[in-house]
Amino acid sequence: MRLNDDLIRPVTVQAGTLDWMPSPVAGVDRRMLYREGGEVARATSIVRYARGSAFPAHPHPGGEEILVLDGTFQDEHGDYPAGTYFRNPPGTYHSPAAADGCTILVRLWQFREGDRKQIVRRPGEGEAAPLRDGASAARLLFDDGAERVVIEDWRPGATVTIPSQRGLELFVIAGRLTQDGEDLAPHGWCRLPAGYDVTAVVGPEGASLWIKDAPLQHPDILPIPERS
């Protein structure tokens, strides 16, 4: 499967309008934003766990990056409420579940060679980041020089500009904004290659966003093994 895999063009997805697609596990559904591959895929998705659903224990040879959007995501290592951000690098292993249901943003097989640091940021954790014009709050979740991940709150009615020097990925957690003439509601997703800057106008209720500043695909990204 190939979905939004042209990384040299901007793409915007109004994910809140997409149908939920069943995964191989009962009670776990997906809205696919980007995908290259079958069940083992380089992918960005919104995943919804019904109450009491669980995935069997499995490894993540290509790494996994998650933002919990609502409910509480769980595995054998703990409970992760809405607002938690974590990175499970290549080689990690877990048994994900959600006793009361949850929704997460997840990126798979997008780690690069040598990215082995496991990160867990609970809601509100992360050092304060410099405020860009139009922002009222910013928290740094991860920065290793090759990529930078923040959560920002933008002021109602503000115009916010972000230069895209390496590539940008934005996900609207709450609120609304208009980017390049397109309205983005909660769970709206936008991916911009280098050279395509963000110039967003924030709606009257303000907006909260997850933002990644990084190449859209690292040159040393981990390869997905070919199936024999």
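Calculation criteria
All residue numbers refer to positions counted from 1 along the written sequence of the respective chain. Only residues with pLDDT of at least 70 are given local features in this predicted model, and only at 80 or more are side-chain atom pairs given and counted; all residues enter the totals for whole chains, interfaces and linings. Heavy atoms throughout the structure, all of them, feed into the side-chain values; hydrogens and water do not. For every residue, the accessible area (1.4 Å probe, protein chains only) is compared with the maximum for its type, and the residue is labelled buried under 20%, exposed over 50%, or partly exposed between those bounds. Note on conventions: DSSP H or I runs of at least 4 residues are helices, E runs of at least 2 residues are strands, and numbering of each starts at the N terminus. At least two bridges found by DSSP between two strands is the condition for calling them paired. As used in this record, nonpolar core signifies buried Ala, Val, Leu, Ile, Met, Phe, Trp, Tyr and Cys residues forming a set joined through side-chain atoms within 4.5 Å. For this analysis, a salt bridge means a side-chain nitrogen from Lys or Arg found within 4 Å of a carboxyl oxygen belonging to Asp or Glu. The pairing test for Phe, Tyr and Trp rings, Trp by its six-membered ring, is centres within 6.5 Å, and the orientation test on the planes gives stacked under 30 degrees, edge-to-face over 60, and tilted for anything in between. Lysine and arginine charges are scored as sitting over a ring when NZ or CZ, respectively, is within 6 Å of the ring centre and within 35 degrees of the ring normal. Under the convention used here, Asp and Glu are negative, Lys and Arg are positive, and both His and the chain ends fall outside the count. Polar contact is defined as a pair of N or O atoms within 3.5 Å, subject to the rule that within protein one atom must be able to donate a hydrogen and the other to accept it, and that residues adjacent in sequence are counted only when both atoms are side-chain atoms. We call two residues in contact whenever any of their non-hydrogen atoms come within 4.5 Å of each other.

A. Structural detail: the pairing of strand E13 (residues 102-108). With six of seven residues buried, E13 is to be regarded as a mostly interior element. Judged from the seven bridges that link them, strand E5 (residues 41-49) and E13 form a sheet pairing that is antiparallel. Directly across from Ile46, in E13, lies its bridge partner Leu105. Pairing of strand E8 (residues 64-75) with E13, which is carried by seven bridges, proceeds in the antiparallel orientation. Residue pairing across strands places Glu65 opposite Arg107, the latter belonging to E13.

B. Highlighting the nonpolar core. Formed by 22 residues in total, the largest nonpolar core has its most connected members in Trp154, Ile162, Leu170, Leu177, Val198, Leu209 and Ile211. Elements supplying a minimum of two residues to this core: strand E15 (135-143), strand E16 (148-154), strand E17 (159-162), strand E18 (167-179), strand E20 (188-193) and strand E21 (198-213). Counting residues in each nonpolar core, the second largest holds 19 residues, with Leu67, Tyr85, Leu105 and Trp210 among its members.

C. Structural view of the pattern of salt bridges. Counting across every chain of the model gives 19 salt bridges. Of the charged contacts in the structure, one is a salt bridge between Arg87 and Asp115, with a shortest N-O distance of 2.7 Å. Residue Arg87 is found in strand E10 (residues 85-88), and its partner Asp115 is found in the loop between E13 and strand E14 (119-121); the two are separated by 28 residues along the sequence. The class of Arg87 is buried, set by a relative accessible area of 1%. Between Arg112 and Asp115 there is a salt bridge, with the nearest N and O atoms lying 3.4 Å from each other. Neither Arg112 nor Asp115 differs from the other in exposure class; each is buried. Connected via shared salt-bridge partners are Glu65, Arg87, Arg107, Arg112, Asp115, Asp144, Glu147, Glu169 and Lys212.

D. Structural view of the pairing of E20. When you tally the buried positions in E20, you get six out of six residues, the bulk of the element. The alternating pattern of E20 places Gly188, Cys190 and Leu192 and Trp189, Arg191 and Pro193 on opposite faces, both of which are buried. By the bridge criterion, four bridges tie strand E2 (residues 11-14) to E20 in an arrangement that is antiparallel. When the sheet's bridge partners are listed, Thr12 is paired in E20 with Cys190. By the bridge criterion, five bridges tie E18 to E20 in an arrangement that is antiparallel. Residue Glu169 lies in a different strand from E20, and its bridge partner there is Arg191.

E. How the structure looks around the packing of aromatic side chains. One pass over the full model with this rule turns up five aromatic pairs. Aromatic pair Tyr49 and Phe55: ring centres 6.2 Å apart, planes at 65°, arrangement edge-to-face. Its relative accessible area of 6% is what places Tyr49 among the buried residues. Taken together, the ring pairs in this structure connect Tyr49, Phe55, Phe73, Tyr80 and Phe86 into an aromatic cluster. A cation over an aromatic ring shows up here: Arg87 above the ring of Phe142, its NZ or CZ 3.8 Å from the ring centre. The ring centre of Tyr34 lies 5.2 Å from the NZ or CZ of Arg191, which sits over that ring.

F. Representation of the side chain of Glu64. Tracing the sequence through the fold places Glu64 in strand E8. Among buried charged residues, Glu64 stands out as having no salt bridge; its nearest opposite-charge side chain is Arg30, 11 Å away. Within the structure, Glu64 has its side chain in polar contact with the side chain of His94 (distance 3.4 Å). If we ignore the near neighbours within four places in the chain, the residues touching Glu64 are Phe86, Arg87, Asn88, His94, Val106, Arg107, Leu108 and Phe111.

G. Broad picture of the environment of Ser95. Residue placement: Ser95 occurs in the loop between strand E11 (92-94) and strand E12 (97-98). Judged by its relative accessible area of 27%, Ser95 is partly exposed. Separated by 25 residues in the primary sequence, Ser95 and Asp70 place their C-alpha atoms 19 Å from one another. Those residues within four positions of Ser95 in sequence are excluded, and the remaining contacts are Phe55, Ala57, Gln74, Asp75 and Glu76.

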